[in-house]
Structures are given as C-alpha cells and as structure tokens.
6 protein chains.
Amino acid sequence: DFQRALDDVAPKFGAKSQELKAMYRNGFVPYGDSFDLLMGNMDRLIEQGDICLMNILFRTSEKTPLMSVLLQGPPASGKTAVAAKVAVESGFPFVRMISADDMIGFSETAKCQEIHKSFLDSYKSPLSLILIDDIERIIDYVAIGPRFSNVVLQTLLVLLKKVPPDHGRRLLVIGTTSCPHLLQDLGLVHAFGVNQSTSLLEDPLQIAEVLRVAAHLTESDAEAIGNAILKPIGIKTLLMVAEMAKQGSKGGAVDVNVFLECLHTVGY
Amino acid sequence: DFQRALDDVAPKFGAKSQELKAMYRNGFVPYGDSFDLLMGNMDRLIEQGDICLMNILFRTSEKTPLMSVLLQGPPASGKTAVAAKVAVESGFPFVRMISADDMIGFSETAKCQEIHKSFLDSYKSPLSLILIDDIERIIDYVAIGPRFSNVVLQTLLVLLKKVPPDHGRRLLVIGTTSCPHLLQDLGLVHAFGVNQSTSLLEDPLQIAEVLRVAAHLTESDAEAIGNAILKPIGIKTLLMVAEMAKQGSKGGAVDVNVFLECLHTVGY
Amino acid sequence: DFQRALDDVAPKFGAKSQELKAMYRNGFVPYGDSFDLLMGNMDRLIEQGDICLMNILFRTSEKTPLMSVLLQGPPASGKTAVAAKVAVESGFPFVRMISADDMIGFSETAKCQEIHKSFLDSYKSPLSLILIDDIERIIDYVAIGPRFSNVVLQTLLVLLKKVPPDHGRRLLVIGTTSCPHLLQDLGLVHAFGVNQSTSLLEDPLQIAEVLRVAAHLTESDAEAIGNAILKPIGIKTLLMVAEMAKQGSKGGAVDVNVFLECLHTVGY
Amino acid sequence: DFQRALDDVAPKFGAKSQELKAMYRNGFVPYGDSFDLLMGNMDRLIEQGDICLMNILFRTSEKTPLMSVLLQGPPASGKTAVAAKVAVESGFPFVRMISADDMIGFSETAKCQEIHKSFLDSYKSPLSLILIDDIERIIDYVAIGPRFSNVVLQTLLVLLKKVPPDHGRRLLVIGTTSCPHLLQDLGLVHAFGVNQSTSLLEDPLQIAEVLRVAAHLTESDAEAIGNAILKPIGIKTLLMVAEMAKQGSKGGAVDVNVFLECLHTVGY
Amino acid sequence: DFQRALDDVAPKFGAKSQELKAMYRNGFVPYGDSFDLLMGNMDRLIEQGDICLMNILFRTSEKTPLMSVLLQGPPASGKTAVAAKVAVESGFPFVRMISADDMIGFSETAKCQEIHKSFLDSYKSPLSLILIDDIERIIDYVAIGPRFSNVVLQTLLVLLKKVPPDHGRRLLVIGTTSCPHLLQDLGLVHAFGVNQSTSLLEDPLQIAEVLRVAAHLTESDAEAIGNAILKPIGIKTLLMVAEMAKQGSKGGAVDVNVFLECLHTVGY
Amino acid sequence: DFQRALDDVAPKFGAKSQELKAMYRNGFVPYGDSFDLLMGNMDRLIEQGDICLMNILFRTSEKTPLMSVLLQGPPASGKTAVAAKVAVESGFPFVRMISADDMIGFSETAKCQEIHKSFLDSYKSPLSLILIDDIERIIDYVAIGPRFSNVVLQTLLVLLKKVPPDHGRRLLVIGTTSCPHLLQDLGLVHAFGVNQSTSLLEDPLQIAEVLRVAAHLTESDAEAIGNAILKPIGIKTLLMVAEMAKQGSKGGAVDVNVFLECLHTVGY
Ligand SMILES: Nc1ncnc2c1ncn2[C@@H]1O[C@H](COP(=O)(O)OP(=O)(O)OP(=O)(O)O)[C@@H](O)[C@H]1O
Ligand SMILES: Nc1ncnc2c1ncn2[C@@H]1O[C@H](COP(=O)(O)OP(=O)(O)OP(=O)(O)O)[C@@H](O)[C@H]1O
Ligand SMILES: Nc1ncnc2c1ncn2[C@@H]1O[C@H](COP(=O)(O)OP(=O)(O)OP(=O)(O)O)[C@@H](O)[C@H]1O
Ligand SMILES: Nc1ncnc2c1ncn2[C@@H]1O[C@H](COP(=O)(O)OP(=O)(O)OP(=O)(O)O)[C@@H](O)[C@H]1O
Ligand SMILES: Nc1ncnc2c1ncn2[C@@H]1O[C@H](COP(=O)(O)OP(=O)(O)OP(=O)(O)O)[C@@H](O)[C@H]1O
Ligand SMILES: Nc1ncnc2c1ncn2[C@@H]1O[C@H](COP(=O)(O)OP(=O)(O)OP(=O)(O)O)[C@@H](O)[C@H]1O
Ligand SMILES: [Mg+2]
Ligand SMILES: [Mg+2]
Ligand SMILES: [Mg+2]
Ligand SMILES: [Mg+2]
Ligand SMILES: [Mg+2]
Ligand SMILES: [Mg+2]
C-alpha cells in the first residue's frame, strides 16, 4: 500500500523535480547566519536536526499529520528558491507546486478545483509536500480596493486546516508571500502553523560572498561592490545586476561603477 | 416509525462517528473549573444533569423541539473538540457535521442545498444533532471588506429558527466560531438560543495538567513549562508544541528551553 | 363564481391551517392592556368590532379592496404568533403564509415568482389574507453592508400597492418584522397602510400571568419570578426558559434561582 | 395610413381604458385653486385651453413631435389619479401605461425591452400618450445605497429624448414620482420637458370638500373633520380613512373622534 | 478601389442623411460671433477655410489619417444640431451616427460590437465621418455612484486613438457631450484631438435673432422677449417655448407675458 | 530546431513589421541628450553597446532568459514609437505586439487567453520580443473608481515573472504606459525589471530640430516656433499641429501665429 502510493506519485514528482530545480538554477549560496537559521528551521521540517526537531516529529510521530509553514520576505529575497530547495531535498514521494502561472485565465471555481485536487492527491501519499508559491498571485490580490478572490482564499483557509483524512498520511504545506500584512488581514498567516522569513542582503560581506560564489566575481570586485551597495538588496536583484555588469565589462572583471550604473537602470 | 427513523439514519451516524472522534484523537482533558462548567452545560443539552436540566427538558418534553447553542472561543481553544465530543456522546440517532471542507469550491447555491439537506434529513429523526463547525468558513467570511456569502448566511438564519415540522421531532444545533463579534453583527449570535464559550489556558496548573495527561510529560517537566508560559495559550497549540518539543528531546523528557524555542517557531 | 373561487382555494387553506396553528402551539395569553389593544386592532381587520371597524369596512364595503398592516416588535415578542392567530381566525377562504424557510436557496428571481404567485392566487379569491413573516429574512437582509435583495424588495413594494385587479376581490396583507427602522429606510413601512406593534413583557403581573396560564406555573412561583425579572423580556424567551426551569425542578414547582440561572444560560 | 394606425392601436387602448379608470374609481374632486391650475396645465397638453396652449401646439403644430411632463408630489397626493385621468380624457388613439406591477421579476433587460416596445408601438400612432407610473419603482430604486437599475434608467433617459422617427407622429409622455430629488440626481427631471406637481391637502375647506364630494360625508361632518386635521394630508389617505371611519359609525354619519382614531391607526 | 468603396457606403449614407437633417429640422441660425467661430472651426475640419485649415490638411495631406473633435456644451445648446449639420455638409462618402437610441437594451458587449463595427466600416472608405452623439448616454453614465459602462468606455478610448489601418484612409470623429468634466475624469476629453464648445444664448440681440429667423416672430416681439430673458437659455429650449407661446397667442403675434409663462411651465 | 523555430514565427513577424513601422511613419528624430540616453538603454536590450550591455548579456548569456522594461512617459511623448522602433530593429525572430485595439469587446477571459497565447508562442522561439502597448488600456483602467480588470492584471503580473520554461529561450517584454503611478499601485511597475521614460519636449532647440527634421519646416520658422512654445509639449502633438499649421500657410512656410492658433484649437 505504502509502496504503491509511492509508485503512483513518483512520476508526478519526477516531472516536477526539474521544474523545481529551475527555481535555483544558479546554485545556492548560504550567505550568513540568519540564512543558516532559516534553512535549519526549514530542514527540520523534512530532515533530522538536533533540537526542536520538527522533522523527527513529522517523520516518526503519528500525532502531527499536518504541518504548514509560511515563508515570507521582501520581493526578490529568495523565497521561491528556498521553498523549492526544501521541496527537492525532502525526498518526499509526493511533491506538488501550486503556482499561478499554471492557472492563467482560470475561473475562480477552476482554480479551487485545481488546488483542491492537489490536496486530495496528497492525501493518498504517506508523505507529501505542497508548495504554494506567491500566495498573493494565487488569490488574485491587488492593493487597490483591495481586491482578491474570496473563493480561492476560503479554499486555502479550509485546506490549510484540514488534517489528511486517512490514518498515517502526513502533509507539509509551504507557502510563500511578499505581503505578510495582507495575509495577516486575510487570516492566512494564522492559518499556517509555522512562520519563517527571508530577508534582503545588507552585510557587505554577505553581498560579496554571494557575488563571489554565485556570480563568479573575483574576490576584490565582490568586496568593492559589497561596500558600494548602501541599501539592502534582494539576492535575485543582486545576481541579475551582477550578470548584466559582467557582460558589459572586459573578461569577467566587473568595475564598481559599471555595476552601480546597471543597478540604477533596473530602478533600484 | 420511530424505530424505522432510527434505522434510516443509523448508517449515516456510524460513518460520521469515526470522523467526529478524530476531532479529539489525543484524548480529552477536563482542565479546570471553567471547562467543567462548559462541559456540564453542554452535557445537559444531551444528558441528565441536576439543575436547569436542558437535557431533561429536551429529552422528555415535547415543548422545545428546537434547541441551538453557539460555542465561541479564541482560535485553537478546543471548540471543535468539545462540540464533537458532545455529538458523539449524545447517542442521538441522527448526527451530522456540516464543515467547510466538504463544500470546497461549491457555489453558494450548492452550499445552501447541502446545508438545507442536512436539516431536512434531521427532521426525519426523532432526536437529531447538527454540528456546524467554524461558521465563519461556512459563510466564506473574510475581514477585509468585510465579505461573506449572504445567501449562505440567510440560509443559516432561517434554519436556526425553523422548528422541525413534524410533531415529536427534536433537533439540537451546535455551532462553533472564533469570531463572535462578527456573528453578532450578522445576527447569528441572536439566532442561537444558548451561548457557551471555551477559553485559552492561563493557569500554570491547568497547563501542566494538560501536558501531563494529554502529552504524557513527566510531572516536573509539565510543571516547569506551565510556569514558563506567561501568555494564555490555546490547548491545540499547547499540544502541538509539546509534541514538537518531545521529539527534539532525549527519551521523552522535555527541556523548558526546547519547549519555549519550539513555541517561538510556531509564531506564538 | 364566488363559490367556485372558495372551493378552489379551500384545500390550500386546509393545509396551511395546521402550520399556522403551530405558530402558537402553547395557547395564547392576552397578557395586558397594550396587548388587548393590539389584538382589538388586528381583529377589526378581519371581524366586527365597535368603532373604527376596519373589518366591517373591509368586509362590507367595496371601496377598500386592499389593506395592509405591518406588525413590528422586538425579537421574540410574539409577532408571528399574533399574525398567525389573526390569519386562522379570519376565516378567509384564502390564507397564505410567505415565509423564508419555504424559499431556502432560491434565486432572487425564483423568490419573486413565488411571492408574485401567492398574490396572483389571492386575486382569485373574494377575501384573501397573505402573511409575510419576518420580512427581513424574505429580503435577505444583513446589517453589515447593509445587504439585501433589491429585486425581492421591489417586488414587495409593488405588490403592497397593487389593488386586486378584479372587481369585488379584497386582500389583507400582514407583514412582521423586528427591524422597523430598516424597513423605514427601505420604504417598506410606508408601503403598508396600517402599523401595529408588539412589545416585550415588563409588568411583573403580566409576566406572572403568562407564566401561570401558558407555562402552568403555580401562582406563587409565577409571581416570584415576575418580580425577579428586572429587564423587559420577550414572551417567546420567557416561555422557553420557563419550560427549561420546570424540567430542572421537582414536580412542576419552579424555584426562582433555577429560573434565573436558566435565563442566564440563554444569554438574556 | 393614419386610419390604419388608429385601428391598429384601438384594441390596445380599449383594454387599458378600464384599467386607467380604476386609478380614480371613486370619482374626481377638483379641490382648490392649485389643483385647478395643475389640471389646467395638464389639460392643455391634450386639449384646447386659452393661453400657453401646449395642447393646441401639440395637436396642430407639426413642430413639437415629442412632449413630456413629470408629475411629482408627495406620496398619496393623487399623482397616478391625475395622470390616468389625463390619459383617459386625451382621447388619443394610442394610450399605454407602463407600471412596475406588469414587470415583476423581470430581468433588467426584459424591462428595457418592454418599455422600448411601448415606445416603438407609440411611434406608429399619429397621437400617442405613454404614462410611466411611479418611476422609482420602474427603475428599482431604494434609498439605501442608493441602488437602482442603471440599465432601465438609461433606457428612459434615451427614450425621453428620442423624437418619433416618422414625420407627423406626436407623443406625450407623462411620468409620476414621489422622489423628485432622486430623479433630479439621476438626470431624469431634466429629461422631462415640463414639470408639474401635486400637493397635499392643507386647507380645511378643501379637505371638507373632498370629504363631502368623494366620501359622501354630510357638510357638517366634513367641516368638523376638516378643521380637526392639523397637518397636510394626502387625498388617498384622507379618502381611505374616511371610509374606515364611515364603516365604524352609525348610518353614514362620521364622528370627528372616530375619524381621528382611524387616522392614528394608519400611522398618520 | 476608391470608387468601389464610395459605392459600398453610399446607400448607408443616403439612409442616414434624412435622419441627420432631422436634427436641425427648423433650419439653422448662425446667431452671433462665438457661434460663427465654432462653425468656422468645424467647417475647417471638412471644407476649405483660410487659416489653420484643418480641413485642407485633412483632405490633402496623407499625414493625419485620424482627427477627432469633442463638441461640448450645456444641455439644449445645439450640440447635436451643429454636429449633424457638419456631417451632412461634409459630403464625405461614409457618414455614420452612433446614438444611444439604436442600442437600447443592448448588453455592454453588443454595444461594443456595434460601435466597433461602425469604425471597421469607416476604415473601408477613403473619407469617413463618425458622429458619436451624447457620449454620456453611450456609456450609460449616471452621476450617482457614479456608474457607467467601463467596457464601452474602453472601447471608445481605444478606437479614438486607433489610426485607420489601411494607407490613405482618413477618419473624422465628432463626439458631443453635456458633461465635459465627467469626460475629463474618464480620460475621454484627452482622447479627442480637438475641443470645441457651444454655449447658451445670453445676448438679447442674439435671442431676438433666433426668435425672428427660426421661430418666425415679428421683430418687435422678438426684441421684447430677448430683453425679458434674464438668464442664459439653450437654443433648443428657446425654440420650443417660442412655439408653445405662438400657439397660445392670436395670429402669430406673441406677448412677452405669455412667453414668460410658458417658460415657467417648462421649469426654466 | 533553432532554424525551424525561426521559420515558424517568421510570417508572423513579417505581418507585424508593417504595422510596427506605422507607429513612427514620419521618421524618427533623436531630439536631444535625454532621448539619446533612452534609445541607448533600449538598444542595449537588443544590440551591442559599450558599457552595461544588457543586450550582450541578453544575447550571449544563458543566465537571463527573461528581461522586461517599462517605458513610461506623459501622453503623446512618443512611447509607442520608441517601443515599436526597438521591436523592429531588434531583428528578433519572434516579435508580437499586444494592443487593446485587437481585443475590443473581448471578455476578460478572452483577453487573458489572447495575452497568454502570445507568451506561449514566444516561448517557442529562441529570441522573442513582446510589446504590450498602453497597459492601462489592456487592463481597462479608468480613474473613476478606480476600475480595471483584475483578471487581466493578474495575468500580466504572472507572465511578467514567468521564465520561459524551455532551456535557452529568451524573452524581452516592453510595456508602455502614461500612468506610472497607477501601475505602481497595481504592482506592475515592480513586475518589470527595468524602467525607462520618455519626456515632453522643453528645449526650444529640440523643438526646432523636431520641426525642421520631421515636419520639414525651414530653420527660421522652426526656431521661431521653438521659442514661442512656453510649456513642455509632446512630440506627437507638436508634429500634428505643425502639419495643421503648414496646411493653413502659403507654400510650406509657417507663421508663428498660425501655429499658436492651431495649438490653441487642439486644446493645448
Ligand atoms: N540562496 C541563494 N543562493 C543563490 N541564488 C539564490 C539564492 N536565493 C535565490 N537565488 C537566486 O535568485 C533567483 C530568484 O529568487 P526567488 O525567485 O527565489 O526570489 P523570491 O523572493 O521568490 O522573489 P519574488 O518576490 O519575485 O517571488 C533564483 O532563481 C536563484 O537563482
Ligand atoms: N479538552 C481537551 N483535551 C484534550 N485535547 C484537546 C482538548 N481540546 C482540544 N484538544 C486537542 O486540540 C486539538 C484541536 O482543538 P480544536 O480543533 O477543537 O480547537 P478549535 O478551537 O476548534 O480550533 P480552531 O479555532 O482552529 O477551529 C484537538 O484535536 C484535540 O486533540
Ligand atoms: N400571546 C401569547 N400567548 C401565549 N404564547 C405566546 C404568545 N405570543 C407568543 N407566544 C409563544 O411564543 C412563541 C414564539 O413567539 P413568536 O415566534 O410569535 O415571536 P416573534 O416575535 O415572531 O419572534 P421572532 O422575532 O423570533 O420572529 C410562540 O410559539 C408561542 O407559543
Ligand atoms: N382629485 C381626486 N378626486 C377624488 N379622488 C382622488 C383624487 N385624487 C386621488 N384620488 C383618489 O385617491 C386614490 C389614490 O390616489 P393616487 O394613487 O393617485 O395617489 P398617488 O399620489 O399616485 O399615490 P402614491 O404616491 O402611492 O403613488 C385614487 O384611487 C382616487 O380614488
Ligand atoms: N443654430 C441653430 N439654429 C436653429 N435651430 C437650432 C440651432 N441649434 C439647435 N437648433 C434647434 O434646437 C433643436 C435641439 O438642439 P440640439 O438637440 O442640437 O441641442 P443639444 O445641445 O444637442 O441638446 P441636448 O443637450 O439635449 O443633447 C434642434 O432640433 C434645432 O431645431
Ligand atoms: N522620436 C520621434 N521622431 C519623430 N517622430 C516621432 C518620434 N516619436 C514620436 N513620433 C511621432 O509621434 C507619433 C505619435 O507618438 P506615440 O504614439 O509614440 O506617442 P505616445 O507617447 O505613445 O502617445 P500616447 O500617450 O497617446 O500613447 C508617432 O506616430 C510618430 O510619428
Ligand atoms: Mg517567488
Ligand atoms: Mg475548530
Ligand atoms: Mg417571528
Ligand atoms: Mg401613484
Ligand atoms: Mg444632443
Ligand atoms: Mg502610445
């Protein structure tokens, strides 16, 4: 039964694995203490750690069949990448990503059915992980009004509280959002059991490390740029601008001024 | 006739019994005076007590064919568990739970039909109990706006006032909610005959007792944690964190600091 | 023609008579002067009285083919009971009750058709009475917003003004509501020709009389309770609590404290 | 052609004539100077008068193919009666009344089609009159919101400005309303060419005359009542109460106190 | 190709010519300097003038394939008449009038299709003119709310900016409105290239001239009335009242007092 | 594979090329430093430049498969022309323009499908460019309310963030808007990676140059007009008025006063 469930969902996962890995295609840099803490907490949801081992609990105990974590943080701070990495590394037999671009132009009802189906499918697997990326897009949120799909919101509120009906099934839900205050008002923050957050890069050393490791800059260039960036910056933005600047420079060396100019162009 | 009605509804109940018991799968701890009072009041709705015996009234009198009680309380304070326990222990031949997760993606009209059907079915049984769990989800409530389904709300308002049409049928409706103020404004609080409430755990002794009995902590650990928790906490939250902390500790012993750390992780 | 019309509608009435009587199944207590005045005014709409005999007018004159009365009062004050009693005692060949629980889940259009049909049917009978119970439910009213069905409201506004098209037909419409201010704002109060109101019980003597006559309490118990109740109370509430208290007491005697405790339980 | 058009519409008119006369079934009392002025102005729209003869204009000139008049006044002041009388007395070959009770439960689109059809039909007749009674009901107006059917409103705004397309056809539109301020805001007052108003009865002599002539009271009774009424009163209300009072009195004589009591009952 | 296009649209124009002329059936009085200026500007859009010859530009240059003018002014100030005159006198092979009364009861989508079709048709003709009369009616505008059809508005905004796709086609769009401020807020004023306005008649001499020429009053009567009118008046209103007054007077002479009385009747 | 993709999309592009060139049919004047800077930045997105070469990056790196730029600026400042020029000169095998006039009267869902299809098609080509012209029209924006299509907005928000799924495909999205503040509030500005803006012409020398080069005015005329224009002006407006003025003048010479008069006529 367990094995069959594993087999059933395996192909789905296989297909998704590529897609998930694409969310952090340039590698993964653990850029500092707060990031390590975050990844530690996330890993404990899927693997063994040392204290407060949610993962042990989750894996070995029959008492917590449903766990959910909301990963919040500013735009471009690497939320999707972290969530996708956790999903891939979980090794869970059932992994599903619910993302707005698979439901473009869907009616509200069709969206609910799609989401509901993912959860119903997950209930068939012994260990499941559902990643709900960019919740504000899933519920069609816009600040003016504000407007959002209440039908989809209610579906999420209900499913986030629903324990898998069959005995021995366990489900981990990871959601990501850039608007925690909105989600708070909508009752969604409370609907998640655990809250974790990503943050922008601030420390020149961390910025330099990311530039060096993920953008392959020389140590001196990375350091110079790290010192020149005065406001916190998202890792996504940092890496994009780094590549822009690299292309505009000779031989891979990146001049600080070229970098700052590119930064300006992207409206930073 | 009575017997046939009993037979008719029996299978339905059988199916539901499991589901209802799952609402308090870790056992049931009567954790203090206010809780005892609540359970006493609830029990009187279904069983014999000593004074103000609503249950006697309800069982033996033909004069009150409809009784309804709204169980309100903060999130995670055990509302659903209490309601489900009362439903299971009532021994009523017809017991039905109306919950949002059975109606995901339903149109407003379909929801009304589903709810209406439950009531129509109940009218066929001599003694019926309907549990409407999480009324705010049933009516698709969200604080921004605020928005809710007026169609479903009106259906509830009407059904909560409608006496079973056939002579000798009696119906008890139990509703649960975390938003009593909302329900007040919607006219729903008034639509219920009786109001009861659950509360958060505050007393170190009560907290310790719950930890000891339901989470199987040692008396000393339970006591230490009970003294370390400084804000009121929901029993649901308490038990979840207890299990998390137990897993992260050696051999079942739970360190206070580990417990507090886990508490922090769940955003308490 | 007249006879045939009578025959046509007779079965309908027969069926409804039971239902209407159920609205005051515990008997009917005329509990004081203001109540007598109300019943007098209502009776004049259907029977002979002495002065200002609307009923005579209505029965013998051909000049007022349409009369309508809005019965307003606080929740639980006995509005539906009074209206149903008048309807049963009218002896009119056509009596119809329009109530929200016959239209649960109907679309707005379907509700309008149902209501319209009742009026069209009434136009076929020489003497008709239509009872529109709980108008706020009929129009799906909720205070938040506020929201209501404008389509149904407009239908009522039009039908309450429309004179039966055929010569010699007469129609009495009785509406009940607990929200007279709302109905004022909606233009519905004005749409009714006559306004009458029920009130809560305040006078210890009246309360005692109701308890004695309708709840079969001993005179001394009734008196004691009457004196112990310090806020106005609806007759519906009073009778419900009386029965609860009777069940909890020995042999039919009711202790004042038991009564007050039950009163507290129902959130009074 | 003219004759055929006349023939075509004749049956329609025949059918409506009865219905229109029912709007003033108790006769018609010209109760004072302001009323005479109103009727004079209205008559000029359909008959010969002496100065400012809109009617001459309308009948003999080919230059004003479209004329419209809005008859506004407080509730119960006799608007519909006046409009219906003018319609009946016009002798126009095409007369149509657009009233909300013929469109109960219609969709907005169906209402527009119905109204449009009346106008299209009118364009076929050489002389047409369309009575739009209670415009606020036609557009489903309610003060809370406010809400109304914009689709129907726009249809009226357009049709009230549209000149009959065929040469030599003339159309008179009469609208009635109790909410001139609303109609002002909606742009409807401006859409009518001419504005006329009815008023409540204030003058004891006028009240007495109405009571004497239309309600067949003795001169002394009528005078006594006229002097006892201290606030302005609608003629519709006055006549209804008069009949109520007559029925409650002996032999047709009406006591002032009986009258005032009945007045009180109708919420005046 | 050019000739065939001309032939194709010719019948359409023929049909419309009558309808357009009906918009100024009583002739056309150029009543003063500001009016001359307006007509001059409008004529330049379709004919040769002397300076700033938009028309030359439009006729001979290939560079401005799309021109649009918004004709705004108070109600009854002659907007439609001016626009229709320009359309008739343009002699353009394709002339189309888009007016609300051709789309009564249309759905928003149907309205868009109708409007779109007019523009698509126009793109087939070498020289086209589209008259959008009473834009506020086309978009179902009402001040309360305010409400309007955004779908239709967007269609106009897009079409007013869209250059005819085929080379060498030219299109002139004339819109009329009484609510320039609304149109400003909706972005419609900006969507038109050119803005022109009509005004009310103020100057006694101009009023007299209009009365004399278009209403055939004697010079002395016209002068007397011109001096008696103290507020600005729309030409449409002036002419309507003039005819009303003429009918009420002997032999065509018009007394000033009769005129003022009629003016009062129309609510001026 | 690459070649086949090229072939597949080629006809589409061919068809569009004409249409795009029509957006700057009168030639293209680089009228000053800020304009040069803008065009430089834009060119870098598609061609080789010297520093901060986004284009190099985009063309040679595999790391930035999605780039998007929002071109904002006042009405008539040449946004569409710039975007179209970039699109034509890109030489990309897949170029698509999404513009509101291709979707007139479409339902929201149909619009989403159309937009989605453009993106899905682009994912098949190795190098694609999508031009979304006048985003406020695409989302049916109007300031009153404000109102807009949330469904279409969400589709854009999602697609602007979605990386082409297949490896090695690259997509450049260019959007234009006159309402950057609106787009900011809607979250659209942030959804674009890069922000660029056009501005009005202010400098007399720039105005003169545009008039000379694109409107073929003599140097002295151009200079005179340049000095006479005191407020910033859009290039689109400037060129339209220049042509109007040329037509009204003799032989191609343009008098300053004639020009200013024409300027006044267009409501500048
Ligand atoms: N820790 C990391 N190490 C290396 N690269 C990273 C890391 N985190 C993010 N990135 C890179 O940044 C890119 C984008 O980040 P991601 O989409 O996760 O941010 P986000 O917070 O989800 O953004 P948004 O708010 O737009 O959803 C990823 O494709 C990945 O390459
Ligand atoms: N008295 C109790 N004794 C033991 N366990 C309890 C008790 N009450 C609640 N629980 C445990 O807490 C869990 C969740 O509580 P429950 O769902 O009833 O809370 P709730 O107030 O309904 O929460 P919510 O606001 O989320 O609906 C139950 O599964 C049960 O195991
Ligand atoms: N005058 C009376 N004498 C005896 N019993 C009465 C009387 N009036 C009401 N009751 C009892 O009260 C019960 C409920 O009253 P009823 O439903 O008429 O109140 P209501 O004002 O319509 O309440 P609601 O506001 O909930 O609609 C009736 O079933 C009847 O038994
Ligand atoms: N001038 C009159 N003479 C005699 N009776 C009249 C007169 N005017 C009105 N009535 C009587 O009053 C009755 C009702 O008046 P009517 O319906 O015209 O008033 P209304 O202003 O239209 O009222 P509402 O505001 O309710 O529409 C008529 O049926 C008629 O019998
Ligand atoms: N210059 C004019 N000379 C003579 N008659 C005119 C003139 N302008 C308007 N009229 C007359 O006034 C009538 C109505 O004017 P028109 O409908 O054009 O006004 P409008 O401003 O469009 O009114 P509305 O605001 O109601 O749309 C026309 O039928 C025409 O007979
Ligand atoms: N740099 C330029 N050189 C020459 N002509 C230009 C230039 N920019 C724009 N134009 C001319 O102006 C016309 C209109 O400009 P365009 O439509 O691009 O402005 P826009 O800012 O998109 O206006 P809108 O705000 O109305 O969308 C073009 O057809 C083109 O002929
Ligand atoms: Mg993300
Ligand atoms: Mg619960
Ligand atoms: Mg009632
Ligand atoms: Mg009326
Ligand atoms: Mg007009
Ligand atoms: Mg543009």
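Worth saying up front: this structure is predicted, and the values here are computed from it rather than measured.

Procedures and definitions
For every chain, the first residue of the written sequence is number 1, and numbering continues from 1 onward in sequence order. The order in which chains are written sets their letters, starting at A; the order in which ligands are written sets their numbers, starting at 1. Owing to the predicted nature of the model, reporting of local features is limited to residues with pLDDT of at least 70; listing and counting of side-chain atom pairs is limited to 80 or more, with chain, interface and lining totals taken over all residues. Remark: hydrogens and water are excluded; side-chain values derive from all non-hydrogen atoms of the structure. If a single non-hydrogen atom of a residue is within 4 Å of a molecule or strand, that residue counts as near it. Between N or O atoms, a polar contact is any pair within 3.5 Å; within protein, one atom must be a potential hydrogen donor and the other a potential acceptor, and residues adjacent in sequence are included only when both atoms are from side chains. Only the protein chains shown count as cover for residues, with accessible areas throughout obtained via the Shrake-Rupley method and a probe of 1.4 Å. Working definition: helices are DSSP H or I runs of at least four residues, strands are E runs of at least two. Numbering for both runs from the N terminus. Any residue that is not Ala, Val, Leu, Ile, Met, Phe, Trp, Tyr, Cys, Pro, Asp, Glu, Lys or Arg is counted as polar, Gly included; the first ten are nonpolar and the last four charged. Throughout, the edges of the domains are those of an automatic or database domain assignment. The contact definition used throughout considers only heavy atoms, calling two residues in contact when any of these lie within 4.5 Å. Salt bridges are defined by distance alone: a side-chain nitrogen of Lys or Arg within 4 Å of a carboxyl oxygen of Asp or Glu. Our superposition of the copies is a least-squares fit, built on the C-alpha atoms of residues whose pLDDT is at least 70 in both. Here the expected length of a helix is defined as 1.5 Å per residue gap, with one fewer gap than residues. Whether a residue is buried, partly exposed or exposed follows from its accessible area with a 1.4 Å probe, protein chains only, as a fraction of its type maximum: under 20%, in between, or over 50%, in that order. The criterion for an aromatic pair is that two Phe, Tyr or Trp rings (for Trp, the six-membered ring) have centres within 6.5 Å, with stacked assigned to planes under 30 degrees apart, edge-to-face to planes over 60 apart and tilted to the rest. Charge over a ring is defined by NZ of Lys or CZ of Arg lying within 6 Å of the ring centre and within 35 degrees of the ring normal.

**Q** When you look at the site of ligand 1 in this model, what are you seeing that I'm missing?
**A** Around ligand 1, the structure places 18 residues, and the nearest of them are V29, K79, T80 and A81 of chain A together with K161 of chain F. Mapping the residues near ligand 1 onto chains gives chains A and F. Between ligand 1 and the protein, one listed contact pairs a nitrogen atom with a backbone N or O atom of G27 of chain A at 3.4 Å. In this structure, A81 of chain A approaches ligand 1 through a main-chain N or O atom, which is 2.7 Å from an oxygen atom. If ligand 1 stood free it would expose 630 Å²; the protein chains cover 91% of that surface. Looking at the shell around ligand 1, the elements with two or more residues in it are α4 (79–90) and α12 (235–247) of chain A. For the shell around ligand 1, the per-class residue count stands at 10 nonpolar, 5 polar and 3 charged. Summarising the domain contributions, the shell around ligand 1 has at least three residues from each of domain 1 (2–197) and domain 2 (204–265) of chain A.

**Q** Looking at this structure, how should I read the side chain of K162 of chain F?
**A** Within the secondary structure, K162 of chain F is located in the loop between α7 (150–159) and β4 (170–177). Separated by 3.0 Å, the side chains of K162 of chain F and D101 of chain A make a polar contact. Leave out the neighbours within four places in its chain, and K162 of chain F touches D101 of chain A together with L66 and Y123 of chain F.

**Q** How should I be thinking about the interface of chain A and chain F in this particular structure?
**A** Interface size is commonly expressed as the accessible surface area that is lost when the partners come together. The interface of chain A with chain F comprises 27 residues on the first partner and 36 residues on the second. For the interface between chain A and chain F, the tally reads 2 salt bridges. Two residues, K161 of chain F and D134 of chain A, come together in a salt bridge whose shortest N-O distance is 2.6 Å. Our count for the contact surface shared by chain A and chain F stands at 8 residue pairs in polar contact (both at pLDDT 80 or more). For the side of chain A that touches chain F, the elements supplying multiple residues, two or more each, are α6 (135–138), α12 and α13 (256–265) of chain A. Considering only residue class, the side of chain A that touches chain F consists of 11 nonpolar, 6 polar and 10 charged.

**Q** Can you help me understand the relation of the copies chain A and chain F in this one?
**A** For the pair of chain copies, the relating operation is a rotation around an axis with a shift along it. The two copies are related by a screw operation: chain A maps onto chain F through 60° of rotation and 0.0 Å of translation along the axis, at an RMSD of 0.0 Å. Here the two chains are linked by the operation of a six-fold rotation axis. The rotation axis passes nearest to the C-alpha of G145 of chain A in chain A, at a distance of 9.1 Å. When you check the interface residues of chain A against chain F, a mere 4% turn up at the interface there too, and the two sides of the contact use different surfaces.

**Q** Quick question: what am I supposed to make of the relation of the copies chain F and chain E here?
**A** For the pair chain F and chain E, the relating rotation is 60°, the translation along its axis is 0.0 Å, and the fit reaches an RMSD of 0.0 Å. Looking at chain F, a mere 4% of its interface residues are interface residues in chain E too, so the copies touch through different faces.

**Q** How do you make sense of helix α4 (residues 79–90) of chain F when you look at a structure like this?
**A** At 3.6 residues per turn, the α-helix brings residues three or four places apart onto the same side. Residue and element names in this part refer to chain F. Between its first and last C-alpha, α4 extends 17 Å over 12 residues, near the 16 Å set by a 1.5 Å rise per residue. For α4, the full list of buried residues reads K79, A81, V82, A83, A84, K85, V86, A87, V88 and S90. Taken from the residues just after α4, G91 is the one with a positive phi, measuring 70°.

**Q** Please clarify how the packing of aromatic side chains should be interpreted in this entry.
**A** Think of a pair of aromatic rings as described by two things: how far the centres are apart, and how the planes are tilted against each other in angle. All told, the structure shown has 18 aromatic pairs over all chains when counted by the stated rule. Considering the side-chain rings of F28 of chain B and F35 of chain B, the 5.8 Å spacing of their centres and the 45° angle between planes classify their relative orientation as tilted. A relative accessible area of 24% means that F28 of chain B is categorised as partly exposed. Pairing Y24 of chain E with F28 of chain E gives two aromatic rings, centres 5.6 Å apart and planes at 85°, and the pair type is edge-to-face. The exposure class assigned to Y24 of chain E is buried, which follows from its relative accessible area of 14%. Here the aromatic cluster, defined as three or more aromatic residues joined through ring pairs, consists of Y24, F28, Y31 and F35 of chain A. Between K85 of chain A and the ring centre of F28 of chain A, over which it is positioned, the NZ or CZ distance is 4.8 Å.

The quantities given are spatial measurements derived from coordinates; they are silent on function.
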